[in-house]
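What follows is the residue order along each chain.
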Amino acid sequence: MKAYDFLFSPVTDFVKISDYTIKLIKKCCGGCRVIDLLLHFPSSIQNRTADVDNFSDKDKLTLVVQVLRHMAPMGRSQPYKVIVAAGTLELQIIFFNYNVHYMRKVFPIGETLCVSGNAQRTIGGIQIVHPDIVTQASYAKYHVGIEAIYPLTAGLSNKTLSYIIATIFKSIPEIPEYIPEDLLNEYKLIKFSEAIWAVHHPKSMADIISMTDARKRIAIDELLANQIRLRQIRETINEHKSKIIRENGQLTGRLKLPFQLTVDQVSCLNDIKKDLASTKPMNRLVQGDVGAGKTVVAFISMLMVIENGFQAVLLVPTEILAMQHYSTLKNLSENLGINIDIMLGSNRRKRSLQIEDLKNSNIQLLVGTHAILEDNIEFANLGLVVIDEQHRFGVLQRAKLIRKCQNNGINSTQKTESGGVPNVLAMSATPIPRTLLLGCYGDLDVSTIKTKPARRKHIETMTFSVSKIDELATKLQKLDSQIYWVCPVIEESETLMDVTTRCEYLNNIFSAPEVSILHGKMKPQEKNSIITDFKNKKIKLLVSTTVIEVGIDIPNANIMVIEHAERFGLAQLHQLRGRVGRGTDAAYCILLYHNPVSKIGARRLQLMRETNDGFLLSEEDLKLRGAGDILGKEQSGFNSLRFSEFADNYSLLTVAEKIVSSLDLKSDNTAVLCDIFSRIENDTSVFG
Ligand code: ADP
Ligand code: MG
């Protein structure tokens, strides 16, 4: 739509910037279109005052000064001083890093200038150290008041980014309103253009951290865009029919499992069979606690589809999990004669061959990460998409998969050959209440696996202070157990323990070859070989990031240590804990906390000790949310939302739902609304 085009045009249409800066902006704001910058919100403020009598340590002082004289120091260790006058007051501008030549050029004696920077009172009078603004005196009025501070990236200064955003505001026309006025009035919403302006012009810190009218409007719009997309997905699905698929036993009948399916697994499969046998495309979520046995349900469903001549896809959020599923499925299908392949973002060597094989149906079952979603990947006749750990994926990613199938299905000339709209089966260990599910994923059916396989062990959970780490590590070393030791970060950080440092420490207590490190930044072959070694008991202690959090299934490991447990959310702690207790030995989860522990943190640790019930924990998790100290927000299932992080905004979701039902979903305005928020999708490759 013409009236909105400028929002999606490159910033360079409005501001002159170098290619280098453009790169930085892309990195920082996720894109270089006007809208990308407008939706890059300040995260803090800076007060600049002109009041020399009343400024605080946090403020910057902006003054019009006259340059009196320079005081070059004798040695390099001394600062360079420029003595200036502000009215009757004499003050010093101080530089530790300087170039005399440059100083003379910037501060010519007798010149009147505007300077602004951190100021302090000393015995020698007021000093401004390394002012960040030195400019013409007439500009002083622009450098007083509250200034927005933006999240930045190395190489990009707040000054540059602020300048670019300010110039955009000056250059663009007013953004036309896309929500009808009566709805705005009914729900007491301010205009989008006003909201965007207000967010970039905060008056106090409260404007940054609280749900102001401006932030509320934008959060609602984002939720609206999400809702509209969901409805559109749903409508497309409903417009089309899927092929009828009935289990014929050619593959499922020959499958030999090392165990008997539980009652819940069987009833889950019955639900799925019914869905597949109908021409209404399946849209089902299988909920089941960690270790409930969802993989095998997915696998049998895929076999039913494959034995009917269709392809199946298993989409997972991490490469490690993809490799594990791939090898599990390979083992299970050894004598079934089906062609299984794996596709990862980091492994492109065989890609062109794989693309061919998918197009001509040589690959029947594809396991992979979001790499599968890339544009050049097409299927001959995709019949089933399984999304494992579904809460890790966003709406757009689902939409992409479905579109893929339409491309090779409905719209193709071989309509009759294809699977039409594919069936979607989502798996999740993080149960979310129904209302939220609808808000997040639209209308879907749910099957639940309540009972776990019989031999599942109870996991004893204990808490330990990190001050007792020597004692703990020595004890663990003596045990004949395999241990996971999870740290929140990869590299050294000020506040959190990293895998590298912890591994060095543990190497002193365990004998070195017993210990290995694992994190998401490693090459896939490396990760794979470490996981294999751990599986084959060549490694005793695996120091890892949360990259092992989802899905990893290594039954012989029976101890899980989670460092900084006080900083993880309940759902995530429970997922991590679920990595153990899969074998025949007693299992333990040790929550290692670093003081200080917040009140909510302590409550979480206590809940973890008290229960192993994932459903209960997930309910409690929702109640405890909104505490700002949680790591790994992606567990929430709302990872694709930037402005409307669910926890605080349940009421907003309700409002968004009401508005959506009064909107014309086919209008150009709704299309604009969706486009405005369409960048917002997490790249799942960053996990771990
Ligand atoms: P999740 O539901 O967390 O994805 P998995 O599918 O990874 O759980 O299953 C966990 C483990 O339980 C696997 O080792 C799997 O082989 C095993 N398992 C699954 N179903 C059964 C069953 N009915 N009886 C015994 N073990 C089972
Ligand atoms: Mg799983």
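Small disclaimer: the values here were computed from a predicted structure and weren't measured.

Cut-offs used in this document
Sequence order as written defines the numbering, with residues in each chain counted from 1. For naming, the first written chain is A and the first written ligand is 1, with later ones following in the order written. Residue-level local features of this predicted model are given only where pLDDT is at least 70; pairs of side-chain atoms are given and counted only at 80 or more, and the full residue set underlies all totals for whole chains, interfaces and linings. Water and hydrogen atoms play no part in the side-chain values, which are based on all heavy atoms of the structure. Numbered from the N terminus, helices here are DSSP runs of H or I no shorter than four residues, and strands are runs of E no shorter than two. For every residue, the accessible area obtained with a 1.4 Å probe (protein chains only) is divided by the maximum for its type, and the residue is called buried under 20%, exposed over 50%, and partly exposed between those limits. Contacts are assigned to residue pairs that have any heavy atoms within 4.5 Å of one another. To be clear on the numbers: accessible area is Shrake-Rupley with a 1.4 Å probe, and residue cover counts the displayed protein chains and nothing else. The arc in question is the one traced by the directions running from the helix axis out to the C-beta atoms. Two strands make a pair as long as DSSP finds a minimum of two bridges between them. Working convention: axes come from line fits to C-alpha atoms, limited for helices to the stretch in contact. Angles between N-to-C directions cover 0 to 180 degrees. Side-chain rings of Phe, Tyr and Trp (the six-membered ring for Trp) are treated as a pair once their centres are within 6.5 Å; stacked means planes under 30 degrees apart, edge-to-face means over 60, and tilted covers the remaining angles. Charge over a ring is defined by NZ of Lys or CZ of Arg lying within 6 Å of the ring centre and within 35 degrees of the ring normal. Throughout, a crossing is termed right-handed when the near helix is turned clockwise from the far one, and left-handed when it is turned anticlockwise from it by less than a right angle. Residue polarity follows a fixed list, in which Ala, Val, Leu, Ile, Met, Phe, Trp, Tyr, Cys and Pro are nonpolar, Asp, Glu, Lys and Arg are charged, and the others, Gly among them, are polar. Being near a molecule or strand, for a residue, means having at least one of its heavy atoms within 4 Å of it. Under the rule applied, a polar contact is a pair of N or O atoms within 3.5 Å (in protein, one hydrogen donor and one hydrogen acceptor; residues adjacent in sequence only if both atoms are side-chain atoms). The cut-offs work like this: below 35 degrees is roughly parallel, past 145 is roughly antiparallel, 65 to 115 is roughly perpendicular, and the gaps in between are oblique. Salt bridge, as used here: a side-chain nitrogen of Lys or Arg that lies within 4 Å of a carboxyl oxygen of Asp or Glu.

This part is about the overall build of the protein chain. A tally of helices and strands in the protein chain yields 22 helices and 21 strands. Sorting the 688 residues of the protein chain into buried and exposed places 54% on the buried side. Within the protein chain, residue pairs in contact and separated by at least 24 positions form 75% of the contacts whose partners lie at least 6 positions apart. Of the roughly 30,700 Å² of accessible surface on the protein chain, 51% is carried by carbon and sulfur atoms.

Moving on: helix H1 (residues 19-29). Every buried residue of H1 is accounted for by Thr21, Ile22, Leu24, Ile25, Cys28 and Cys29. Projection of H1 onto a plane perpendicular to its axis shows the buried side chains occupying an angular sector of 160°, all on one side. In this structure, H1 carries Asp19, Tyr20, Lys23, Lys26 and Lys27 as exposed residues pointing more than 90 degrees from its buried face. On its buried side, H1 packs onto helix H2 (34-38) and helix H4 (158-171). Of the residues flanking the end of H1, it is glycine 30, one or two places downstream, whose phi is positive at about 80°.

Read from one edge to the other, the open sheet built from 7 strands follows the order E11-E12-E10-E13-E14-E9-E15, with strand pairing classed as parallel. Each edge of the open sheet carries a strand with a single partner, namely strand E11 (340-343) and strand E15 (445-449). Across this sheet, the average inter-strand angle for adjacent strands is 20°, counted without regard to direction. Where strand E10 (residues 311-315) and strand E12 (residues 365-368) come together, 4 bridges link them in parallel fashion. Bridging across to E12, alanine 312 finds its partner in leucine 365. Against the sheet, helix H12 (residues 351-359) touches E10, E11 and E12, its axis set at about 130° to E11.

With that settled, consider the sheet that holds strand E20 (residues 557-563). The strand order across the open sheet formed by 6 strands is E16-E21-E20-E17-E19-E18, and the pairing between neighbours is parallel. The open sheet has two edge strands with one neighbour each: strand E16 (459-465) and strand E18 (515-518). The sheet shows a mean angle of 20° between the axes of neighbouring strands, direction not considered. Taken together, the 5 bridges between strand E17 (residues 482-486) and E20 define a ladder with parallel strand orientation. For valine 486, the partnering residue across the bridge sits in E20 and is isoleucine 562. This element, helix H19 (residues 599-610), spans E16 and strand E21 (587-593) of the sheet and lies at about 150° to E16.

Here we take up the packing of aromatic side chains. This structure, assessed with the given rule, holds 7 aromatic pairs. A cation over a ring is seen here: arginine 121 above phenylalanine 55, with NZ or CZ 4.1 Å from the ring centre. In this arrangement the basic side chain of arginine 502 is found over the ring face of tyrosine 505, its NZ or CZ atom lying 5.2 Å from the centre.

For any two helices packed against each other, the geometry comes down to the angle between their axes and how far apart the axes lie. In the contact formed by helix H18 (residues 570-577) and H19, the axes pass within 10 Å of each other and the chain directions differ by 40°. In the packing of H18 onto H19, the handedness of the crossing is right-handed. Across the interface between the two elements, Leu570, Leu573, His574 and Arg577 of H18 pack against Arg604, Leu607 and Met608 of H19. Taken together, the residues of the contact of H18 with H19 break down into 4 nonpolar, 1 polar and 2 charged.

In the vicinity of ligand 1 there are 17 residues, among which Gln260, Gly291, Lys294, Thr295 and Asp553 approach most closely. A distance of 2.8 Å is found between an oxygen atom of ligand 1 and a side-chain nitrogen or oxygen belonging to lysine 294. About the coverage of ligand 1: the protein hides 88% of its 570 Å² of free accessible area.

Now for the side chain of aspartate 275. Mapped onto the elements of the fold, aspartate 275 is located in helix H9 (residues 263-276). Judged by its relative accessible area of 14%, aspartate 275 falls in the buried class. Beyond its immediate stretch of four places on either side in the chain, aspartate 275 contacts Lys280, Met282 and Arg284.

On to the environment of isoleucine 590, then. Note on placement: isoleucine 590 falls in strand E21. Taking the C-alpha atoms as reference, isoleucine 590 lies 8.9 Å from alanine 565; in sequence the two are 25 residues apart. In contact with isoleucine 590, not counting residues within four places along its chain, are Met462, Phe464, Leu472, Leu476, Ile559, Met560, Val561 and Ile562.

Right, let's talk about the packing of helix H15 (residues 469-478) against helix H16 (residues 499-509) for a bit. Orientation of H15 relative to H16, taken along the N-to-C sense of each, is 60°, at an axis distance of 10 Å. Considering their axes alone, H15 and H16 lie oblique with respect to each other. Pair H15 / H16 crosses with right-handed handedness. Residues Ile469, Asp470, Ala473, Thr474 and Gln477 of H15 touch H16, and the partners they reach there are Arg502, Tyr505, Leu506 and Ile509. The class makeup of the residues in the contact of H15 with H16 is 5 nonpolar, 2 polar and 2 charged.

It is worth spelling out the pattern of salt bridges at this point. Taken as a whole and judged by the stated rule, the model has 18 salt bridges. Ionic pairing is found between arginine 351 and glutamate 374, a salt bridge with its closest N-O pair at 3.9 Å. Highlighted residues: arginine 351 in helix H12 and glutamate 374 in the loop between E12 and strand E13 (382-387), separated in sequence by 23 residues. In this structure, glutamate 563 engages arginine 502 in a salt bridge whose closest nitrogen and oxygen atoms are separated by 2.6 Å. You can see glutamate 563 sitting in strand E20 and its partner arginine 502 sitting in helix H16, a full 61 residues away along the chain. In this structure glutamate 563 comes out as buried when scored by relative accessible area, which is 0%. Put simply, Arg48, Lys60, Asp132 and Glu147 are held in one network by salt bridges that share partners.

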